Amino acid sequence: MNRKEFKKLCLSRPIILDGATGTELVKQGLPNGVCPELWVYENPESIKNVQKAYFDAGSDIVYVCTFGGNRPKLDEFGLGDKLQELNSSLCTYSREAVGSEGLIFGDIAPTGELIEPFGPLAFEDCVNIYKEQAEALLLGGVDGFVIETMMDIQEARAALIGVREVAPDMPIMVTMTYGEEGRTLTGTDPKTALITLQSLGADAVGCNCSAGPMKMVEWIKAMKPYATVPLLAKPNAGQPKLIDGKTVFDMPPDVYAANFTALIEAGANIVGGCCGSSPAHIAKVKETVSALPAPKILRDKICAVSSASSVVELGSDKPFAVIGERINPTGKKKLQEELRKGSLSLARSYAIEQAKAGAALLDVNMGLSGIDEHSMMQEAIKMLSPLSSCPLCLDSTSPEVMETALRLYPGRALLNSVSAEKDRIERMLPLVKKYGAVFVLLPVTDSTVPETLEERQEVTLSVIKAAERLGLGIDDCVIDGLVMTVSSSPTAPKTTADFIEWCSKELGANTTGGISNVSFGMPQRPNLNAGFLGLLIGKGLTTAIINPSSDTMMSIKYSTDALLGRDTKLSTYLGRYSGAIRAEQPASIKVSPLMQCYNAVIYGEEENISNLINDALASGETASDIVDNGLIPAIIEVGEKYDKKEYFLPQLMMSAQAMSQGFKALENVLSDSTQPAKNKIIMATVKGDIHDIGKNIVSLMLGNYGFDVIDLGKDVDADTIIDSAVENNVTVIGLSALMTTTMPEIAKVLKRAEERGVKGLKFMIGGAVVDQEYATEIGASGYASDAVQAVKVATELS
């Protein structure tokens with residue numbers, strides 16, 4: 001099946017997927033703690049029975065049983081050398097189960113590791129992991145691919161890039177897993193994931209696991225207005241409950257299926273079942289939705305950029321988007337000095353300042369003599385992506401640098417820029433297409449910078465035609481107005497204004513420009529810059545590269561948004577100018593050394609906090625003051641930001657690591673009485689459960705918060721956990737389970753401790769299938785829904 005055929009199928013009628021596989025295999029005899037892929041390989045009738053039952057119930061597409069078929073997962077069982085054989089053989093079993101009439105999609109799932117810039121696994125290594133599995137699935141004869149249960153947008157991107165490079169014209173569906181509040185583990189919401197993944201080449205985007213069907217209705221509704229591809233929903237059959245020692249989901253087939261009409265009406269073209277669903281559930285879903293019309297796709301293109309956690313839409317009816325200009329070494333001596341030392345500390349500060357001042361995007365340019373632009377751009381993206389929610393405008397003249405940057409960046413970037421120069425057309429435009437970027441169209445040629453309106457129009461149309469040959473449209477670009485200095489050409493500003501108006505009215509295009517160029521060589525430059533910005537916004541300008549720290553320029557932005565109807569209910573203008581928002585601290589006020597230490601934790605300056613602490617000590621601050629009035633209050637505020645969803649896991653980890661580094665810098669000067677006490681805690685994933693990414697994150701956070709963590713790993717039996725507690729004199733134990741089949745193992749650990757007569761143990765539990773109700777039911781001392789909550793609970797229990 002090719003991509004065009006897949007889209008046509010999805011628009012013809014609601015498409016039905018299969019339901020849960022793991023719980024159905026348990027009914028076929030799958031034991032706990034084994035590699036499911038190997039067991040199915042050795043017991044082929046098991047998966048054939050399950051998938052034939054789903055096909056007979058009405059599934060159009062079944063997922064090949066390769067959820068754990070990537071190399072890191074197979075290596076956990078010592079099976080990495082059997083990767084190709086397992087993946088391709090399991091495809092054969094699925095084909096035999098559904099015959100020629102059914103479709104089989106290779107199932108690709110998380111590696112269990114965090115990917116840079118959010119974790120230690122190198123991005124390209126992750127891409128190669130997924131390419132290897134995709135190649136094996138292709139050998140097995142799949143009709144398409146599904147990338148599912150993704151908790152990190154960067155891992156989803158790595159998988160999508162890897163599969164697409166192996167199978168350029170085969171359908172790929174991608175589904176993310178969201179928490180109750182509608183964010184992934186690393187802070188991505190459904191709309192942001194959609195913008196990022198559909199632009200990168202996903203043929204369907206949606207959600208699976210983690211929630212029941214009605215919660216997914218909310219997420220599908222949030223995506224539908226922005227979707228250029230079919231949407232997918234694969235919900236759980238309610239919530240898991242422990243009944244007679246077995247995990248049971250609380251939503252029977254008829255109740256489950258009754259919610260699917262709402263899912264289709266919300267915009268889902270593809271539906272199926274996840275945890276707790278069965279062939280009976282899918283049969284009821286088929287019966288419920290088969291007569292419903294397939295939802296239409298509402299738009300072909302969207303001009304929007306994204307970071308890992310937010311979207312910025314561009315358009316004449318959207319708020320004017322300021323592109324912060326400061327992370328560019330041109331004309332900035334201090335930044336040049338820092339970059340030549342290999343330091344991004346000033347770039348970090350500029351990013352924070354510009355975001356606070358109202359920048360919607362951040363321009364990032366590492367083009368400077370004497371530095372490795374390629375390496376520095378990568379490091380800048382790794383630093384900025386977890387730090388700021390502002391999407392990035394990646395600025396380079398090097399195609400090699402740009403490809404690396406677009407590949408690594410965990411969102412949909414703005415690429416600056418593509419001109420009519422032959423080399424730029426041939427080398428940059430294909431990168432825009434491959435990575436789904438929005439590009440700045442710069443109307444200059446190999447030989448000239450056009451001065452007249454007619455010349456600029458001609459050059460612009462030539463670039464648009466070249467883009468259209470690659471399948472790109474007007475919504476994939478932002479046209480640069482070519483701002484020239486008025487001192488050298490008094491008519492140049494008017495030409496730019498007329499050109500912006502033509503782009504807006506005739507092409508319906510978004511536009512931008514470097515506003516300050518107009519005033520070079522002139523007195524009172526801010527006056528000219530401000531006047532010119534107001535003039536161009538009136539002509540249709542939708543973005544501009546300016547310094548957002550300029551109150552004058554930003555007042556024009558907020559005022560024109562209010563006057564042109566871009567500021568809903570005038571809320572932004574009133575909030576900024578009615579006194580409801582406290583004025584920012586003037587840049588001229590020097591921040592004290594103690595406050596710098598505080599800010600280093602808030603913004604995760606792990607590489608710089610030791611120097612700041614030394615500066616604070618040299619200024620007369622005591623070590624205990626730095627801890628009590630700097631580090632501790634800062635990490636408390638970080639936790640509060642996380643609770644309010646201003647921070648997400650990447651920011652949380654950066655701050656915790658900075659605080660940990662700060663304590664290390666103070667170890668030699670803190671007295672025994674002021675040295676923070678380290679409480680011990682045991683962490684383990686229970687017997688039979690091989691998933692430990694959540695437990696690893698909690699362990700890391702606890703360590704950064706000063707706990708002495710004894711991490712026993714995964715698939716740990718009850719006696720080993722209790723033996724470790726006795727041996728290490730530990731009373732607090734954290735237990736994790738991700739699988740519905742291993743959820744009862746948590747209760748077994750508590751029961752085993754009671755049987756052995758080990759007193760005083762306190763158990764904190766967590767994991768995707770666990771909730772407070774279950775914790776109360778089994779008598780656990782505490783339940784933690786995430787890493788921050790785990791720190792709080794562990795602190796209370798210690």
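Within any chain, residue numbers begin from 1 and follow the written order of that chain's sequence. The predicted nature of this model means local features are confined to residues of pLDDT at least 70 and side-chain atom pairs, given and counted, to a pLDDT of 80 or more, with totals for whole chains, interfaces and linings taken over all residues. As a convention, hydrogens and water are excluded, and side-chain values are obtained from all of the structure's heavy atoms.

Asker: Describe in detail the overall build of the protein, supporting the description with residues and values.
Answerer: Helix and strand counts for the protein stand at 32 helices and 25 strands. Both definitions apply: the radius of gyration is a C-alpha atom measure, and the globule rule equals 2.2 Å times residues to the power 0.38. Here the protein has a C-alpha radius of gyration of 28 Å; the compact-globule value for 798 residues is 28 Å, and the two agree. Its C-alpha atoms give the protein principal-axis dimensions of about 85 × 70 × 50 Å. Relative to its 798 residues, the protein shows a buried fraction of 57%. In what follows, residue pairs with any heavy atoms lying within 4.5 Å of each other are defined as contacts. Residue pairs at least 24 apart in sequence account for 75% of intrachain contacts in the protein once pairs closer than 6 positions are excluded. In this description, accessible areas are obtained by the Shrake-Rupley approach with a 1.4 Å probe, and a residue is regarded as covered only by the protein chains that are shown. Here the protein has roughly 31200 Å² of accessible surface; of this, 51% comes from carbon and sulfur atoms. When the 74 basic and 100 acidic side-chain charges of the protein are each reduced to a single mean position, those positions are 4 Å apart. Strands are runs of DSSP state E lasting at least 2 residues, helices are runs of H or I lasting at least 4, and numbering of each runs from the N terminus. Relative accessibility under 20% of the residue-type maximum defines a buried residue, over 50% an exposed one, and the middle range a partly exposed one, all with a 1.4 Å probe and only protein chains included. We score Asp and Glu as negative and Lys and Arg as positive, and we do not count His or the chain ends. Charge positions come from single atoms, namely NZ of Lys, CZ of Arg, CG of Asp or CD of Glu.

Asker: Hey, could you go over the sheet that holds strand β24 (residues 762-766) for me, with residue numbers and the actual values?
Answerer: Being paired, for any two strands, means DSSP has found at least two bridges between them. Read from one edge to the other, the open sheet built from five strands follows the order β22-β21-β23-β24-β25, with strand pairing classed as parallel. Taken across any chain shown, the strands that pair with only one partner, and hence form the sheet edges, are β22 (708-711) and β25 (782-783). By the bridge criterion, two bridges tie β24 to β25 in an arrangement that is parallel. Of the residues in β25, the one forming a bridge with I765 is Y783. To obtain each axis, a line is fitted to C-alpha atoms, and for helices this fit is confined to the stretch in contact; angles are then taken between N-to-C directions over 0 to 180 degrees. Contacting β21 (680-685), β22 and β23 (732-736), helix α28 (residues 693-704) crosses the sheet at an angle of about 170° to β21.

Asker: For the pairing of strand β13 (residues 321-327), give the residues involved together with the corresponding values.
Answerer: Here is the key point about a regular strand: its side chains alternate between the two faces of the sheet. Among the seven residues of β13, six are classified as buried, and the element is accordingly described as predominantly covered. Sheet topology note: the β13/strand β20 (residues 543-546) ladder contains four bridges and is parallel. The residue of β20 that forms the bridge with G324 is I546.

Asker: Can you lay out the sheet that holds strand β6 (residues 204-208) for me, pointing to particular residues and giving the numbers?
Answerer: The parallel open sheet is built from eight strands, whose spatial order is β1-β10-β7-β6-β5-β4-β3-β2. Each of the sheet's edge strands pairs with one partner strand only, and the pair in question is β1 (15-16) and β2 (61-63). Two strands pair when backbone bridges link them, and strand β4 (residues 144-150) and strand β5 (residues 172-176) are joined in this way by four bridges, in the parallel orientation. Its bridge partner lying in β5, M150 is registered against M176.

Asker: How would you sum up helix α14 (residues 333-340)? Please name residues and give values.
Answerer: By the burial criterion, the buried members of α14 are L335, Q336, E338 and L339. Summarising the axial view, the buried residues of α14 lie within an arc of 165°, below the 170-degree limit, and thus occupy one face. Facing away from the buried surface of α14 by more than 90 degrees, the exposed residues are K333, K334 and E337. Where α14 is buried, its residues meet β13, α15 (345-357) and α16 (373-387). When we speak of the arc, we mean the arc of directions from the helix axis to the C-beta atoms.

Asker: Any chance you could break down the packing of aromatic side chains for me, citing the residues and the numbers?
Answerer: The pairing test for Phe, Tyr and Trp rings, Trp by its six-membered ring, is centres within 6.5 Å, and the orientation test on the planes gives stacked under 30 degrees, edge-to-face over 60, and tilted for anything in between. Under the defined criterion, the tally for this structure stands at six aromatic pairs. Taking the centre distance of 6.0 Å and the plane angle of 20° together, the rings of F499 and W502 count as stacked. Remark: W502 and F499 occur in helix α20 (residues 492-507); sequence separation between them is three residues, near one turn of the helix. Judged by centre distance (6.4 Å) and plane angle (75°), the rings of Y558 and Y577 are edge-to-face. On the criterion of sequence distance, the pair formed by Y558 in helix α22 (residues 551-563) and Y577 in helix α23 (residues 571-577) is long-range, its members being 19 residues apart. Since its relative accessible area comes to 39%, Y577 is described here as partly exposed. One aromatic cluster in this structure is built from Y558, Y573 and Y577.

Asker: Can you lay out the pattern of salt bridges for me, pointing to particular residues and giving the numbers?
Answerer: Close approach of charged atoms lets side chains of opposite charge pair. By convention in these notes, a salt bridge is any Lys or Arg side-chain nitrogen within 4 Å of a carboxyl oxygen on Asp or Glu. In this structure the tally under the stated criterion is 46 salt bridges. The partner of R3 in a salt bridge is D203, and the shortest N-O contact between them spans 2.7 Å. With R3 in helix α1 (residues 3-10) and D203 in the loop between α9 (190-200) and β6, this pair connects stretches of sequence that are 200 residues apart. Classification of R3 by relative accessible area gives partly exposed; the value is 27%. Using a relative accessible area of 9% as the deciding quantity, one classes D203 as buried. In this structure, E501 engages K505 in a salt bridge whose closest nitrogen and oxygen atoms are separated by 3.2 Å. A residue pair is termed a helical-turn pair when its members lie 3 or 4 positions apart in one helix, as E501 and K505 do in helix α20 at four residues. One salt-bridge network, held together by shared partners, links E124, K131, E165, E403, R407 and K434.

Asker: Could you give an account of the environment of L344, naming the residues involved and the relevant values?
Answerer: Counting through the fold element by element, L344 comes out in the loop between α14 and α15. The exposure class assigned to L344 is buried, which follows from its relative accessible area of 13%. Between the C-alpha atoms of L344 and V50, which are 294 residues apart in sequence, the distance is 54 Å.

Asker: Which residues make up a nonpolar patch on the surface, and what are the values?
Answerer: Surface patches are defined over residues having more than 30% relative accessible area and no salt bridge, joining like charges when they lie within 9 Å and nonpolar side chains (Val, Leu, Ile, Met, Phe, Trp, Tyr) when within 5 Å. A cluster of nonpolar side chains, namely L570, Y573, L574 and Y577, defines an oily patch on the protein surface of about 350 Å² accessible area. Its location among the elements puts L574 in helix α23. Its relative accessible area of 44% is what places L574 among the partly exposed residues.

Asker: Before we move on, could you go through the state of the cysteines and cite the residues and values that matter?
Answerer: Cysteine sulfurs are considered disulfide-paired once they come within 2.5 Å of each other. Counted by the stated rule, this structure contains zero disulfides. In this structure C207 is a free cysteine whose sulfur lies 10 Å from that of C274, the closest cysteine sulfur available. Classification of C207 as buried rests on a relative accessible area of 0%. Note on C275: no disulfide assigned, nearest cysteine sulfur contributed by C209 at a separation of 3.7 Å. Overall, the relative accessible area of 22% leaves C275 in the partly exposed class.

Asker: Residue-level account of the side chain of E313, with values.
Answerer: Of note, E313 is situated in strand β12 (residues 311-313). At a separation of 3.0 Å, a polar atom in the side chain of E313 contacts the side chain of K191. Each polar contact in these results corresponds to two N or O atoms within 3.5 Å; when the atoms are within protein, one needs to be able to donate a hydrogen and the other to accept it, and residues that are neighboring in sequence are counted only if both atoms are side-chain atoms.

Asker: I'd like a description of a negative patch on the surface, backed by residues and values.
Answerer: Together, E451, E454, E455 and E458 make up a negatively charged patch on the protein surface. Structurally, the position occupied by E454 is in helix α19 (residues 453-468). We classify E454 as exposed; its relative accessible area is 53%.

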